[in-house]
Every structure is written in structure tokens, then in C-alpha cells.
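So the chains spell out like this:
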Amino acid sequence: MLADRSPTIDSRRLLRRGTAVVGGLVVLSPAFAWGAQQVNYTEPLEHAAATTGATAHAVRTLPSLLPDYGIAGVDPYVGTLVSGLVGATLVLVIGWLAGRPLIPDSEPR
């Protein structure tokens, strides 16, 4: 049957690889911030808002944890790194918590 030939997934190995990839991207996040600054990159949505005049009517309804991917009073590259660490940690924790009910118990009840 098809189920007999399906490959098994080593969840620990998958978790280690995924954590390494996300960790590598977080460590590289200051380099992305530096590169964006070097080429004067801005978000396309900011251009659209400026073109339509929506920036004059901008209203913040909810406070953000790390506005503009940084921390006030901290070097922008360090702020970007900390912001990446916090964001990646939140995503991994939420994903882990959401996936817990999907993992079958090792012992039948």
C-alpha cells in the first residue's frame, strides 16, 4: 500500500534544520537593513500612501511591539537584530503551540 512506502520524518532533525535556517536569517537581518539603506529602499506601500495622500490621514489604532523593526534609542542594526530575534521567536512559539495538538501521543490511552 501507499502508506507502507511513505517516508518517515525525523522531527528532531527537521526542527534543528528549521531552527538553523531561521537563526541564520535572523543573524543576517542587520545586513539586510544595511543593504536597504545603501540602495535607499523604501516600502512600496509608503510610496502608494504618499501618492494618494493617505499619509496625511494616518492613524495608529494599535501600538506595536517594535515599530519600524527597531527599538527607540538603540543602533538601527542592533534594533533590527533584536526585532528579528523577537519576531522569529514569536513565530516559532506560536507554530509550536499550534502544532502540539497535531502530534499523536506515543502511548495509547
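Below or above, wherever it landed, is the structure these notes cover.

1. Thoughts on the overall build of the protein chain
Of the regular secondary structure elements, the protein chain holds three helices and zero strands. In the protein chain, the order of α-helices and β-strands from amino to carboxyl end is α-α-α. The buried share among the 109 residues of the protein chain stands at 9%. Long-range pairs, those at least 24 residues apart, make up 57% of the contacts in the protein chain with a sequence separation of at least 6.

2. As for the packing of helix α1 (residues 11-38) against helix α3 (residues 76-99)
The N-to-C vectors of α1 and α3 enclose an angle of 140 degrees; their axes lie 9 Å apart at closest approach. The two elements α1 and α3 cross, and the hand of that crossing is right-handed. Along the contact surface, α1 presents V22, V26, V27, S29, P30, A33, W34 and Q37, while α3 presents Y77, T80, L81, G84, L85, A88 and L92. For the contact of α1 with α3, the per-class residue count stands at 11 nonpolar, four polar and no charged.

3. Considering the layout of surface pockets
Computed from the structure, the largest pocket encloses a volume of approximately 810 Å³. As for the largest pocket, its lining consists of 22 residues, and the residues nearest its centre are A33, A36, E43, D68 and Y69. For the lining of the largest pocket, the secondary-structure elements that each account for two or more residues are α1, α2 (44-52) and α3. Each residue belonging to the lining of the largest pocket can be placed in one class, and the counts come to 10 nonpolar, eight polar and four charged. By volume, the second largest pocket amounts to about 350 Å³. The wall of the second largest pocket is formed by 13 residues, among which S11, L14, L15, W96 and I103 lie closest to the centre. When residues of the lining of the second largest pocket are traced back to their parent elements, those giving at least two are α1 and α3. The element best represented in the lining of the second largest pocket is α1, accounting for six residues. Residue composition of the lining of the second largest pocket, grouped by class: seven nonpolar, five polar and one charged.

4. Quick notes on a nonpolar patch on the surface
On the surface, a nonpolar cluster with roughly 400 Å² of combined accessible area is contributed by V21, L25, L28 and F32. The topology assignment puts F32 in helix α1. Given a relative accessible area of 52%, F32 falls into the exposed group.

Reading the values: the criteria
- Residues numbered from 1 in each chain as written.
- Predicted model: local features only at pLDDT ≥ 70, side-chain atom pairs only at ≥ 80, totals over all residues.
- Heavy atoms only, no water.
- Helix = DSSP H or I, 4+ residues; strand = E, 2+ residues; numbered from the N terminus.
- Buried < 20%, exposed > 50% of the residue type's maximum accessible area, 1.4 Å probe, protein only.
- Contact = heavy atoms within 4.5 Å.
- Axes fitted to C-alpha atoms, helices over the stretch in contact; angles between N-to-C directions.
- Left-handed = near helix turned anticlockwise from the far one by under 90°.
- Nonpolar A, V, L, I, M, F, W, Y, C, P; charged D, E, K, R; others polar.
- 1 Å grid on protein atoms, 1.4 Å probe; cavity = no way out; pocket = protein on both sides within 12 Å on 5 of 7 lines; lining within 4 Å.
- Points joined across faces, edges and corners; volume = space filled by probe spheres on them.
- Patch = residues over 30% accessible without salt bridge, like charges linked within 9 Å, V, L, I, M, F, W, Y side chains within 5 Å.
- Areas by Shrake-Rupley, 256 points an atom, 1.4 Å probe, with all protein chains shown as cover.
- Salt bridge = Lys/Arg side-chain N within 4 Å of Asp/Glu carboxyl O.

No statement about biological role is implied by the geometric values presented.
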